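Overview (structure and organization)
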Amino acid sequence: MDQKDLNIDIHNEFFTKKFQVTLTKREPINHDSYMFRFDFKNGKERLGMQAVQHIKIYGLNMNGEIVDRAYTHVFEEDGYFQIPIKIYRPNVHPQFPNGGELTPWLEKIDLNTELTIKRCIGKLLYNNNQFIVRPKVNKNWSQFNSVLLICGGSGITPAYQLIQTICNNQNDNTKMVLLYANKSEQDIWLMKELKDLQDKHKDQFTVHFTLDKSDENWNGLKGFVSLEMMTSIFPKATETTLGVLCGPKPMNKLVISLYEQFGLKKENIVKF
Ligand SMILES: Cc1cc2nc3c(=O)[nH]c(=O)nc-3n(C[C@H](O)[C@H](O)[C@H](O)COP(=O)(O)OP(=O)(O)OC[C@H]3O[C@@H](n4cnc5c(N)ncnc54)[C@H](O)[C@@H]3O)c2cc1C
């Protein structure tokens, strides 16, 4: 089957069929996150999706009701895939005494539990130097010379998948600049992997980290994402600049408006 066609057919079984995977590993990454490993029953199977598609994981909230949330794998081999997941625990944030609906359940279920998942299309498709922005409503592939990415916290996973895919495609020299915002240094995910990609693909990919709270040893950017910060690190916006984003809701709202002020066309701004 041709993936390029499959991707835009939301009714295809590839996207509609739910299936089971087994939770086989849950290793801490930091104070509130784990790398989850999910295994297929068949040791040869793969998610087989293109960047930037995600999966939905189904589970239970504290009332025992079925809920689902979106997640993006960062690693895949025959028979299994891995996803970093941040846990929104109860009694941590005064505004959210119950915590998140799904992630507290993901933190406490036993290893070897079977979970239901489903593949999803997402808001951006990439195939060999071509993109479809909002594939559910648009069928046209377009080319972008540069991609700007602004992510917050766990919102890095779809961006990482896209950056990795473009860097690994020898026929694609799309330039990418990532601005990755976090509360503190310990909240940064995939720092080594992102720096390695930058070192290996110097002419193509640059990453900048910014922190809300940092100490005197921090030599990255400081503070919330701002127009001034964007102007200092991003190339000038043109007709062929794509701006992507993924982060907490209030940050997303701000970033969309900042991208517009920065000069990006509205239709070239996409939230994963
Ligand atoms: C395309 C896409 C890909 C994604 N990929 C990933 C991924 O790879 N990894 C990942 O971890 N997430 C990812 N997410 C986010 C994920 O889908 C969920 O939104 C997230 O796991 C929270 O789910 P939840 O049901 O536990 O929380 P929800 O019930 O959805 O509540 C989350 C919100 O509640 C608030 N909240 C609740 N408890 C707390 C707390 N203790 N501290 C602070 N705020 C709190 C926050 O505002 C938070 O944003 C992705 C989202 C999208 C759209």
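Residues numbered from 1 in each chain as written. Predicted model: local features only at pLDDT ≥ 70, side-chain atom pairs only at ≥ 80, totals over all residues. Heavy atoms only, no water.

Considering the nonpolar core
Residues Leu162, Leu178 and Leu194 are the most contacted members of the largest nonpolar core, which totals 36 residues. Mapped onto this core, the elements with two or more residues apiece are strand S8 (124-127), strand S9 (130-133), strand S10 (146-152), helix H4 (156-167), strand S11 (175-182), helix H5 (191-200), strand S12 (205-211) and strand S14 (241-246). Residues in contact with Leu162, not counting those within four places in the same chain, are Ala51, Val52, Leu124, Tyr126, Phe131, Val147, Leu149 and Phe272. By size, the runner-up hydrophobic cluster in this structure holds 26 residues, among which are Phe38, Val67, Trp105 and Leu115. (Core = buried A, V, L, I, M, F, W, Y, C linked by side-chain atoms within 4.5 Å. Buried < 20%, exposed > 50% of the residue type's maximum accessible area, 1.4 Å probe, protein only. Helix = DSSP H or I, 4+ residues; strand = E, 2+ residues; numbered from the N terminus. Contact = heavy atoms within 4.5 Å.)

Topic: the pairing of S12
Extensive coverage of S12 is indicated by the burial of 5 of its 7 residues. Two elements, S11 and S12, share 7 bridges in a ladder whose sense is parallel. Counted as the bridge partner of Leu179 is His208 from S12. For the handedness criterion, the β-α-β arrangement of S11, H5 and S12 is classed as right-handed. (Pairing = 2+ DSSP bridges. Right-handed = clockwise from strand over helix to strand, strands pointing away.)

Here we look at the site of the ligand
Taken together, 22 residues are adjacent to the ligand, and Ala70, Tyr71, Leu102, Thr103 and Thr157 come closest. Here an oxygen atom of the ligand and a backbone polar atom of Ala70 are 2.6 Å apart. Thr72 is positioned with one of its backbone polar atoms (N or O) 3.2 Å from an oxygen atom of the ligand. Considering the ligand on its own, with 980 Å² of exposed area, one finds that the protein chains cover 77% of that surface. Listed by contribution, the elements that provide at least two residues to the shell around the ligand are strand S4 (66-71) and strand S6 (80-86). At 4 residues, the largest contribution of residues to the shell around the ligand is made by S6. Its residues placed into classes, the shell around the ligand shows 10 nonpolar, 8 polar and 4 charged. (Near = heavy atom within 4 Å. Polar contact = N/O pair within 3.5 Å; in protein donor to acceptor, adjacent residues only side chain to side chain. Areas by Shrake-Rupley, 256 points an atom, 1.4 Å probe, with all protein chains shown as cover. Nonpolar A, V, L, I, M, F, W, Y, C, P; charged D, E, K, R; others polar.)

Some thoughts on the environment of Phe36
Checked against the element boundaries, Phe36 lands in strand S2 (residues 33-39). Separated by 37 residues in sequence, Phe36 and His73 have C-alpha atoms that sit 9.4 Å apart. Residues contacting Phe36, with those up to four places away along its chain left out, are Leu23, Lys25, Arg26, Phe81, Gln82, Ile83, Ile85, Ile87 and Leu106.

Overview of the sheet that holds S6
Reading across the sheet, the 7 strands line up as S4-S3-S7-S1-S2-S6-S5 and stay open at both edges, with antiparallel pairing between neighbours. In this open sheet, the two edge strands, each paired with only one partner strand, are S4 and strand S5 (75-77). Direction aside, the axes of adjacent strands within the sheet are offset by 35 degrees on average. Here strand S1 (residues 19-28) runs beside strand S7 (residues 114-120); their pairing, made up of 4 bridges, is antiparallel. Paired with Gln20 across the two strands is Thr116, which belongs to S7. (Axes fitted to C-alpha atoms, helices over the stretch in contact; angles between N-to-C directions.)

As for the UniProt feature "binding site: FAD" (unreviewed entry) in the protein chain
In the numbering adopted here, UniProt assigns the feature "binding site: FAD" (unreviewed entry) to Arg69, Tyr71, Lys86 and Thr157. Separation in sequence by 89 residues is not matched in space for these annotated residues, since their most distant C-alpha atoms are only 14.0 Å apart. Classification of Arg69 as partly exposed rests on a relative accessible area of 36%. Filtering out sequence-adjacent residues up to four positions away, Arg69 remains in contact with Ile55, Lys56, Ile57, Glu101 and Leu102. Position of Lys86 among the secondary structure elements: in strand S6. On the accessibility criterion, Lys86 (22% relative accessible area) is partly exposed. Lys86 has contacts with Asp32, Ser33, Thr103, Ser154 and Trp189, leaving out every residue within four places of it along the chain. (UniProt positions renumbered as here; feature names shortened; annotations may be inferred.)

Let's talk about the UniProt feature "domain: FAD-binding FR-type" (unreviewed entry) in the protein chain
In the numbering used here, UniProt assigns the feature "domain: FAD-binding FR-type" (unreviewed entry) to residues 16-127. Helix makes up 6% of residues 16-127 and strand 46%, and the two end C-alpha atoms of the span are 21 Å apart.

Description of the sheet that holds S14
Here we have 6 strands laid out as an open sheet, ordered S13-S12-S11-S10-S14-S15, and parallel in their pairing. In the strand order of this sheet, the two ends are held by strand S13 (221-222) and strand S15 (269-271), each with one partner. Bridge analysis of S12 against S13 gives 2 bridges, and the strand direction is parallel. Paired with Leu211 across the strands is Lys222, a residue of S13. Along the sheet, H4 makes contact with S10, S11, S12 and S14, crossing S10 at roughly 150 degrees. Sheet strands in contact with H5 are S11 and S12, and its direction is about 145 degrees off that of S12.

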